[in-house]
Amino acid sequence: MTDKARIAVMVSGTGTNLQALIDAQNSGLIEKGEIVLVISNREGAYALERAHKAGIEAFTISRKASGGQEGFEEACCELIDSRNIDLIVLAGFLMILSKDFVTRYDHKIINIHPSLIPSFCGDGFYGLKPHIAALERGVKVTGATVHYVNEIADGGEIIAQKAVNVEEGDTPEILQRRVMEQAEWLILPVAVAKICRKIVKERHGKL
Ligand code: GRF
């Protein structure tokens, strides 16, 4: 049976984590999953270009045009539910989702965060900020974390982590790139592959 878990990826920017997932799907690493939907909250995000090139259905949903957070989330739910999504991956997605939304999809949403949670995470720690904080604190090791999403920013159960060395002379940009290359782009596809295998196994088990 070619049963696969159906994946939606929510993005806001460059989409390098989305690209890592697309590449992992094409290489067969994500054997039991298929990315079938990409949702961006930002018009023109390069992640959308990556989705188009990969032939993945992609939409931009503007919070403003949707009449605010509630309208944005309603539009997302319509797409997610109509596409029978099994797993939602937040990949460089920069909006906070409401408690209603994360409760509706309890244990079905995961996120990649560019630090070793519980360090340098929570409200306001996005983009370069975790790396700026790591350099300011003088840590010798940082990294990335994949975690389930609950109502607390970066507070859900940790799924996977990978450590990355901080080097002499690192700037936030250099450190961010190393964390992406040596951690984010590796642990996110592996975590998604593992979760998809579990989803398919459980689905068979319920048959
Ligand atoms: C990455 O550092 C990611 O960890 C964070 O947003 C940044 C950009 O991600 N969540 P992407 O290139 O849009 O996937």
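For the structure itself, look to the data block above.
Report follows, based on the coordinates. (Residues numbered from 1 in each chain as written. Predicted model: local features only at pLDDT ≥ 70, side-chain atom pairs only at ≥ 80, totals over all residues. Heavy atoms only, no water.)

### Notes on the sheet that holds strand β5 (residues 109–113)
Within the open sheet, the 7 strands sit side by side as β3-β2-β1-β4-β5-β6-β7. Their pairing is mixed. Each edge of the open sheet is held by one strand with a lone partner, namely β3 (58–60) and β7 (158–165). With strand direction ignored, the average angle separating the axes of adjacent strands in the sheet is 20°. The strands touched by helix α1 (residues 16–27) are β1 (5–11), β2 (33–40), β4 (87–90) and β5; relative to β2, the strand with the most contacts, the crossing angle is about 160°. Where helix α2 (residues 46–53) meets the sheet, it contacts β1, β2 and β3, and its direction lies at approximately 155° from that of β3. (Pairing = 2+ DSSP bridges. Helix = DSSP H or I, 4+ residues; strand = E, 2+ residues; numbered from the N terminus. Axes fitted to C-alpha atoms, helices over the stretch in contact; angles between N-to-C directions. Contact = heavy atoms within 4.5 Å.)

### Regarding the packing of α1 against α2
The geometry of α1 relative to α2 is characterised by a closest axis approach of 9 Å and an angle of 15° between their N-to-C directions. Classified by the angle between their axes, α1 and α2 sit roughly parallel to one another. Note on packing geometry: the crossing formed by α1 with α2 is right-handed. On the side of α1, the interface is formed by T16, L18, Q19 and I22, while α2 contributes A47, R50 and A51. (Parallel < 35°, antiparallel > 145°, perpendicular 65-115°, else oblique. Left-handed = near helix turned anticlockwise from the far one by under 90°.)

### Observations regarding the pairing of β5
The buried fraction of β5 is high, at 5 of 5 residues. Bridge count for β4 against β5 is 3 bridges, and the pairing is parallel. Within the sheet, the bridge partner assigned to V89 lies in β5 and is I110. As judged from the 4 bridges shared by β5 and strand β6 (residues 141–148), these two strands associate in the antiparallel manner. (Buried < 20%, exposed > 50% of the residue type's maximum accessible area, 1.4 Å probe, protein only.)

### Focus on the site of the ligand
Inspection of the region around the ligand gives T14, G15, T16, N17, A91, G92, I112, P114, Q176, M180 and E184 as its neighbouring residues. Interatomic distance of 2.9 Å between a backbone N/O atom of G15 and an oxygen atom of the ligand. A distance of 2.6 Å separates an oxygen atom of the ligand from a polar atom in the side chain of E184. About the coverage of the ligand: the protein hides 92% of its 370 Å² of free accessible area. By residue number, the principal contributor to the shell around the ligand is helix α6 (residues 172–206), which donates 3 residues. (Near = heavy atom within 4 Å. Polar contact = N/O pair within 3.5 Å; in protein donor to acceptor, adjacent residues only side chain to side chain. Areas by Shrake-Rupley, 256 points an atom, 1.4 Å probe, with all protein chains shown as cover.)

### Some points on the layout of surface pockets
Estimated volume of the largest pocket: approximately 810 Å³. What lines the largest pocket is a set of 37 residues, and nearest its centre among them are G92, F93, L94, N111 and Y126. Of all elements in the fold, only α1, β5 and α6 reach the threshold of two or more residues within the lining of the largest pocket. Residues that form the lining of the largest pocket fall into these classes: 18 nonpolar, 15 polar and 4 charged. Reported here for the second largest pocket is a volume of approximately 250 Å³. Along its surface, the second largest pocket is lined by 11 residues, and D86, H107, K108, I199 and E202 are the ones closest to its centre. Sorting elements by how many residues they give to the lining of the second largest pocket places α6 first, with 6 residues. Classifying every residue of the lining of the second largest pocket gives 4 nonpolar, 1 polar and 6 charged. (1 Å grid on protein atoms, 1.4 Å probe; cavity = no way out; pocket = protein on both sides within 12 Å on 5 of 7 lines; lining within 4 Å. Points joined across faces, edges and corners; volume = space filled by probe spheres on them. Nonpolar A, V, L, I, M, F, W, Y, C, P; charged D, E, K, R; others polar.)

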